[in-house]
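Observations on chain architecture
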Amino acid sequence: TKQTGPRHFLDLKDLDATTLRQILDVAAGMKQMQKGRRFPLHPRVPLAGRALGIILSKPSTRTRVSFEVGIRQLGGDAVILTPADMQIGRGETITDTARVLSRFVDALVLRTGRTENLHELARAASVPVINGLTPASHPVQILADILTYEEHRGPVKGRTFAWTGDGNNVLVSLIEGAVRFGFKLRAATPADMAPPQDVLDWAKKEGGDVVLTTDPRAAVDGANCVVTDTWLSMSDSEEESAMRLAKLSPYRVDAALMAQAAPDALFMHCLPAHIGEEVTEDVFEGPQSVVFDEAENRLHAQKGLLAWTMGGENWLSFGKE
Ligand code: CP
Ligand code: NVA
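Definitions and limits used
Residues numbered from 1 in each chain as written. Chains lettered and ligands numbered in written order. Predicted model: local features only at pLDDT ≥ 70, side-chain atom pairs only at ≥ 80, totals over all residues. Heavy atoms only, no water. Near = heavy atom within 4 Å. Polar contact = N/O pair within 3.5 Å; in protein donor to acceptor, adjacent residues only side chain to side chain. Areas by Shrake-Rupley, 256 points an atom, 1.4 Å probe, with all protein chains shown as cover. Disulfide = S-S within 2.5 Å. Buried < 20%, exposed > 50% of the residue type's maximum accessible area, 1.4 Å probe, protein only. Helix = DSSP H or I, 4+ residues; strand = E, 2+ residues; numbered from the N terminus. Contact = heavy atoms within 4.5 Å.

Glancing now at the site of ligand 1. Ligand 1 sits among Ser60, Thr61, Arg62, Thr63, Arg111, His138, Gln141, Cys270, Leu271 and Arg298. For ligand 1, an oxygen atom lies 2.8 Å from a polar atom in the side chain of Arg111. Measuring from an oxygen atom of ligand 1, one finds a side-chain N or O atom of Arg298 at 3.0 Å. Expressed as a share of its isolated accessible area of 260 Å², the protein-covered part of ligand 1 is 95%.

Listed below in structure tokens is the structure:
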């Protein structure tokens, strides 16, 4: 698929498999370059003079710091913006905000509690817009997850990932990732917390191997990677928390559930974690858990993404000496 206009990164399904693979290859190359060096750490600053606007209307630790540090390592600058402090807070439209910010910065990241806001921003912006999490999806997280799996265990293609828990934004992007990167996915959620039907229909239409169940043991059985996330996302109402905890408790990743997976299975979680809820401490701290490598790889994966987004024709050379 040939994209016209800015190189938006709204969802994994919008990009073809080749481009997504190239982003991870560039990411891995830049990670190696960075790890192999002492001082100066960054003799190459391919995005010097570029600015990234990071708009956060929800809290963030990893997304914020990884984008901010990532663009700086590539020689560019970051501007962190919180809508409450912008004229958006006084009613300036997203469309006008997009048209103005496009005159100042070279790309935008948005984390929002309203998915439509991301699409409105992307329609009006003349610079690339990156999805930094919406209630509907979290594609940058899955880039980091795939990079992490492949560093530890080799190609994801043909492997089986299992998800157990809430059918949330991270699961939607994992489904899209399974299709684009060619791994199998078995997802267990309570029936009324299943991911949206449209993403399942899309996966089927694309020939993906994605199976939905309500049984966590069936999902995890023999899997190469077990993934979960919080039972209460930022967009969920606090009032639902007791109900959610009760419904989701059979989906907790504990040692017994992990034992159903392949012996060398990895455990992943996008963080922040709630120990004793979606995962027990022994699994989270145990030898199969790669959650902090996963967090680190947010930085590297996003540098690959920034290369594609802002690097022009030469972006594929960013990861090479
Ligand atoms: N995993 C993730 O996106 O973390 P933050 O909410 O801290 O950005
Ligand atoms: N599903 C979580 C992910 C946080 C990174 C949320 O949306 O709050």
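This structure, assessed with the given rule, holds 0 disulfides. The thiol sulfur of Cys225 is not disulfide-bonded, and the nearest other cysteine sulfur, from Cys270, lies at 13 Å. According to the relative accessible area criterion, Cys225 is buried, its value standing at 0%. A residue is classified by how much of its surface remains accessible, and Cys270, at 9% relative accessible area, is buried.

Looking now at the environment of Gln260. Here Gln260 lies in the loop between helix 10 (255-258) and strand 9 (266-269). For the pair formed by Gln260 and Arg217, sequence separation is 43 residues and the distance between their alpha carbons is 6.8 Å. Residues in contact with Gln260, not counting those within four places in the same chain, are Arg217, Val220, Asp221 and Gly222.

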